[in-house]
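Residue-level listing of the chains:
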Amino acid sequence: MTDYLLLQNPGHNRVYYNYAGNLAVAELKIAAQKFDTKCINVGIEQIEGVRYIILKTENELSEKDMQILSRLSFVFAVYERIIFENQNLFKPIPKASYYYIDEKISTILKYSGKTNELFTKMMINIALLSSNFDHKSKIKLLDPVAGRGTTLFEGIVYGFDVFGIETDAKSVQDSTVFFKKYIEKEKLKHSFIKRQIFGKNKSEAVYINEFEFSKTKYDFKTSQKRKKFGIIEGSTQEAANYFKNETFEIIVGDLPYGIAHGNSTGKNTISITRNPSELLSASLPSWYKVLKKGGVIVVAWNVFVASKHKISKIFTENGFDVLSEKNPDKFEHLVDNSIKRDIIVAKKY
Ligand SMILES: C[S@@+](CC[C@H](N)C(=O)[O-])C[C@H]1O[C@@H](n2cnc3c(N)ncnc32)[C@H](O)[C@@H]1O
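Since the model is a prediction, treat every value here as computed from it, not as a measurement.

Thresholds, definitions, all that
Residues numbered from 1 in each chain as written. Predicted model: local features only at pLDDT ≥ 70, side-chain atom pairs only at ≥ 80, totals over all residues. Heavy atoms only, no water. Helix = DSSP H or I, 4+ residues; strand = E, 2+ residues; numbered from the N terminus. Rg over C-alpha atoms; globule rule 2.2 N^0.38 Å. Buried < 20%, exposed > 50% of the residue type's maximum accessible area, 1.4 Å probe, protein only. Contact = heavy atoms within 4.5 Å. Areas by Shrake-Rupley, 256 points an atom, 1.4 Å probe, with all protein chains shown as cover. Lys, Arg positive; Asp, Glu negative; His and termini not counted. Charge placed at Lys NZ, Arg CZ, Asp CG, Glu CD. Patch = residues over 30% accessible without salt bridge, like charges linked within 9 Å, V, L, I, M, F, W, Y side chains within 5 Å. Salt bridge = Lys/Arg side-chain N within 4 Å of Asp/Glu carboxyl O. Pairing = 2+ DSSP bridges. Axes fitted to C-alpha atoms, helices over the stretch in contact; angles between N-to-C directions. Domains from an automatic or database assignment. Buried area = accessible area lost by both parts, 1.4 Å probe. Polar contact = N/O pair within 3.5 Å; in protein donor to acceptor, adjacent residues only side chain to side chain. Nonpolar A, V, L, I, M, F, W, Y, C, P; charged D, E, K, R; others polar.

**Considerations on the overall build of the protein chain**
Looking only at helices and strands, the protein chain has 11 helices and 15 strands in total. In terms of overall size, the protein chain behaves like a compact globule, its C-alpha atoms giving a radius of gyration of 20 Å where 349 residues would be expected to give roughly 20 Å. Dimensions of the protein chain, computed from C-alpha atoms along their principal axes, come out at roughly 75 × 50 × 35 Å. Residues classed as buried in the protein chain amount to 55% of the 349 residues present. For the protein chain, the share of sequence-separated contacts (at least 6 apart) that also reach a separation of at least 24 residues comes to 68%. Of the roughly 16300 Å² that the protein chain leaves accessible, carbon and sulfur atoms contribute 51%. For the protein chain, the separation between the mean place of its 51 positive charges and that of its 40 negative charges on side chains is 5 Å.

Set out below in structure tokens:
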């Protein structure tokens with residue numbers, strides 16, 4: 001048996017860190033199902049006042065297992081525990097490197113209503129680990145409620161092609177300007193185009209701000225090696241009008257909480273509601289179409305405004321298989337007095 005101790009990423013949000021023990025255990029349990037090595041136990045242990053996530057496996061983690069482990073949102077450092085003369089000895093194990101671009105990108109922009117970056121990364125991991133795809137596939141990710149793009153930035157750290165839909169023009173503009181400045185500063189080879197993606201006439205026109213980029217000029221010459229970042233100023237319930245059927249391997253988003261922002265269910269009819277179930281009912285038929293078979297949706301929402309049962313039912317009614325109901329891991333956590341967040345994991349078969 002091999003005994004690993006995982007030190008958690010402290011992030012910069014104390015409230016999130018306090019809940020992050022349970023979230024880490026839940027994320028690791030999902031990941032461990034994909035390990036070559038059999039997982040014997042996952043849990044939490046305090047050692048000299050510091051919280052560690054423990055992982056006991058039948059054999060040493062394989063190279064593939066280390067790649068999966070290193071990507072998990074909470075993993076800051078990995079040690080193997082060796083007990084020697086009744087003492088814990090920690091042997092540092094190098095993490096596998098996986099960044100396409102520096103992971104700090106999603107931490108730079110600060111604004112109210114931003115989704116915690118580590119939580120966002122966790123949702124992306126759970127979506128991919130629960131899908132029929134893995135990091136070796138070319139992954140296209142959609143955030144259907146993209147805000148200023150935390151999910152999109154976390155996705156490009158992994159080297160995915162990422163697309164967002166966001167109704168708020170200022171958020172779309174801010175994330176576009178930020179990304180443009182970022183890739184210019186980092187001297188990534190890139191192109192930018194604002195093009196019409198939908199609408200027969202001017203009043204219906206919907207636009208996408210789209211970047212293609214790569215780390216080297218050489219890679220940029222080959223379309224397969226170019227990465228894509230696109231954000232649409234539009235309504236998420238129209239996703240199937242913006243993208244071809246079965247475009248995305250994963251869909252990940254943090255639904256409006258009805259607190260800092262409302263959710264508008266149409267471009268011209270701004271109906272502010274506190275209930276994400278309304279947005280889901282209007283949007284899931286469209287999201288279903290643009291998701292590939294074997295693909296997975298992970299969305300977070302505020303349990304105070306809609307129960308898990310209600311949200312699960314909407315997914316099931318729209319043809320999805322709700323995985324998080326069969327495997328009720330502990331993702332529920334308080335963000336503040338008015339937001340208790342949970343996630344739904346749903347697959348298209
Ligand atoms: C919780 S925020 C997402 C924040 C984002 N993850 C971030 O970190 O920037 C939810 C977003 O959904 C957007 N939204 C609400 N209704 C929408 C709709 N019908 N179509 C597209 N976006 C919508 C809101 O404007 C808001 O920016």
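**Re a nonpolar patch on the surface**
A cluster of nonpolar residues, Val15, Tyr19, Phe304 and Leu334, forms a patch on the protein surface that exposes about 330 Å² of accessible area. Locating Val15 in the fold gives a position in helix α1 (residues 14–32). In this structure Val15 comes out as partly exposed when scored by relative accessible area, which is 41%.

**A closer look at the sheet that holds strand β2 (residues 39–47)**
One open sheet holds the five strands; their spatial order is β2-β3-β1-β4-β5, and the pairing between them is antiparallel. With one partner strand each, in any of the chains shown, β2 and β5 (87–93) form the two edges of the open sheet. Sheet twist, expressed as the average angle between the axes of neighbouring strands with direction ignored, equals 35°. Relative to strand β3 (residues 50–57), strand β1 (residues 2–8) runs antiparallel, the two sharing six bridges. Note on β3: the bridge partner recorded for Leu7 is Tyr52. Running at roughly 125° to strand β4 (residues 75–84), helix α2 (residues 63–71) makes contact with β1, β3, β4 and β5 of the sheet.

**Description of unusual backbone geometry**
A positive phi is found at Glu85, a non-glycine position, where the angle reads about 50°. Relative to the assigned elements, Glu85 resides in the loop between β4 and β5. The backbone of Lys187 sits at a positive phi, close to 55°, despite the residue not being glycine. Relative to the helices and strands, Lys187 is located in the loop between α6 (169–185) and β8 (189–198). The exposure class of Lys187 is exposed, given its relative accessible area of 70%.

**Comments concerning the environment of Leu118**
In this fold, Leu118 is placed in helix α4 (residues 117–130). The sequence separation of Leu118 and Asn9 amounts to 109 residues, and the corresponding C-alpha distance is 8.5 Å. Those residues in contact with Leu118 that sit more than four places away from it in its chain are Asn9, Gly11, Tyr16 and Ser73.

**Looking at the domain arrangement of the protein chain**
In terms of domain boundaries, the protein chain breaks down into domain 1 (2–93) and domain 2 (105–347). Placing a centre on the C-alpha atoms of domain 1 and another on those of domain 2 gives a separation of 28 Å. Taken together, the contact pairs 20 residues of domain 1 with 22 residues of domain 2. Summed over both partners, the interface of domain 1 with domain 2 comes to about 1900 Å²; 63% of that surface belongs to carbon and sulfur atoms. Three residues stand out in domain 1 for area buried against domain 2, namely Tyr16, Ile30 and Arg71, and they jointly supply 33% of the buried area on that side. Linking domain 1 to domain 2 there are zero salt bridges. Linking domain 1 to domain 2 there are six residue pairs in polar contact (both at pLDDT 80 or more). Those elements that provide at least two residues to the side of domain 1 that touches domain 2 are α1 and α2. For the side of domain 1 that touches domain 2, the per-class residue count stands at nine nonpolar, seven polar and four charged.

**Some remarks on the pattern of salt bridges**
Summed over the entire model, instances satisfying the criterion amount to 21 salt bridges. Salt bridges linked by common partners bring Asp3, Glu45, Lys56 and Arg81 together as one network.

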